[in-house]
Amino acid sequence: MSGFQFSEHIARPPREVFAVISDPTRATEFLDNITASEKLTDGTIAVGTVFRETRMVSGKEASADLLVAAYEPDTHVSI
């Protein structure tokens, strides 16, 4: 079950947008509260890939490991 959905019009080809939003290491480019994100597993992003994300929560840094639970290239990612 997804925790949230997001809808936004971006004037770029869908493949380019998906490449950015499906890669948590790029979250610092568009989410202000994310201070760091790193991929912990080798290889390309796929089901089972793990990332560690650090964000500001109530003025303090907090880290969590994120797991890619579903991945359909260029169309769908669940983390």
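Note: the structure precedes this text.
Since this is a predicted model, take the numbers as computed values, not measurements.

Asker: I'd like a description of the sheet that holds strand β1 (residues 34–39), backed by residues and values.
Answerer: Here three strands make up an open sheet; going across it, the order is β1-β2-β3 and the pairing antiparallel. If you trace the sheet from one side to the other, it starts and ends with β1 and β3 (60–67), each paired once. The sheet shows a mean angle of 15° between the axes of neighbouring strands, direction not considered.

Asker: Tell me what's going on with the layout of surface pockets, and back it up with residues and numbers.
Answerer: Estimated volume of the largest pocket: approximately 1200 Å³. Taken together, 28 residues make up the lining of the largest pocket; nearest its centre are F4, F6, I21, F30 and V77. Broken down by secondary-structure element, the contributors of at least two residues to the lining of the largest pocket are α1 (14–21), β2 (50–57) and β5 (76–78). In terms of residue count, the dominant contributor to the lining of the largest pocket is α1 (five residues). Considering only residue class, the lining of the largest pocket consists of 16 nonpolar, seven polar and five charged.

Asker: Pulling in residues and values, what's your account of the pattern of salt bridges?
Answerer: Following the criterion strictly, the structure yields five salt bridges and no others. We note a salt bridge from R12 to E16, for which the minimum N-O separation is 2.5 Å. In this structure E16 comes out as partly exposed when scored by relative accessible area, which is 38%. The salt bridge involving E29 is made with R26; its shortest N-O contact spans 3.0 Å.

Asker: Go over the packing of aromatic side chains, please, and point to the residues and values.
Answerer: Here the structure, examined in full by the defined rule, presents one aromatic pair. Look at F18 and Y71: their rings are 5.8 Å apart centre to centre, the planes differ by 50°, and that puts the pair in the tilted class. In this pair, F18 sits in helix α1 while Y71 sits in strand β4 (residues 70–72), placing the two residues 53 residues apart along the sequence. Overall, the relative accessible area of 8% leaves F18 in the buried class. The class of Y71 is partly exposed, set by a relative accessible area of 23%.

Asker: Account for α1, naming residues and giving values.
Answerer: Spacing of three or four residues puts side chains on the same side of an α-helix, whose turn is 3.6 residues. Of all the residues in α1, the buried ones are V17, F18 and V20. Seen along its axis, α1 keeps its buried residues to an arc of 160°; they face one direction. Looking at the buried positions of α1, the neighbouring elements they touch are β4 and β5.

Asker: Describe the environment of A27, and please don't skip the residues or the numbers.
Answerer: Along the chain, the position of A27 falls in the loop between α1 and β1. On a C-alpha basis, the gap between A27 and S37 in space is 7.2 Å, while along the polypeptide they are ten residues apart.

Conventions and cut-offs
Residues numbered from 1 in each chain as written. Predicted model: local features only at pLDDT ≥ 70, side-chain atom pairs only at ≥ 80, totals over all residues. Heavy atoms only, no water. Pairing = 2+ DSSP bridges. Helix = DSSP H or I, 4+ residues; strand = E, 2+ residues; numbered from the N terminus. Axes fitted to C-alpha atoms, helices over the stretch in contact; angles between N-to-C directions. 1 Å grid on protein atoms, 1.4 Å probe; cavity = no way out; pocket = protein on both sides within 12 Å on 5 of 7 lines; lining within 4 Å. Points joined across faces, edges and corners; volume = space filled by probe spheres on them. Nonpolar A, V, L, I, M, F, W, Y, C, P; charged D, E, K, R; others polar. Salt bridge = Lys/Arg side-chain N within 4 Å of Asp/Glu carboxyl O. Buried < 20%, exposed > 50% of the residue type's maximum accessible area, 1.4 Å probe, protein only. Phe/Tyr/Trp six-rings, centres within 6.5 Å; stacked < 30°, edge-to-face > 60°. Arc of directions from axis to C-beta. Contact = heavy atoms within 4.5 Å.

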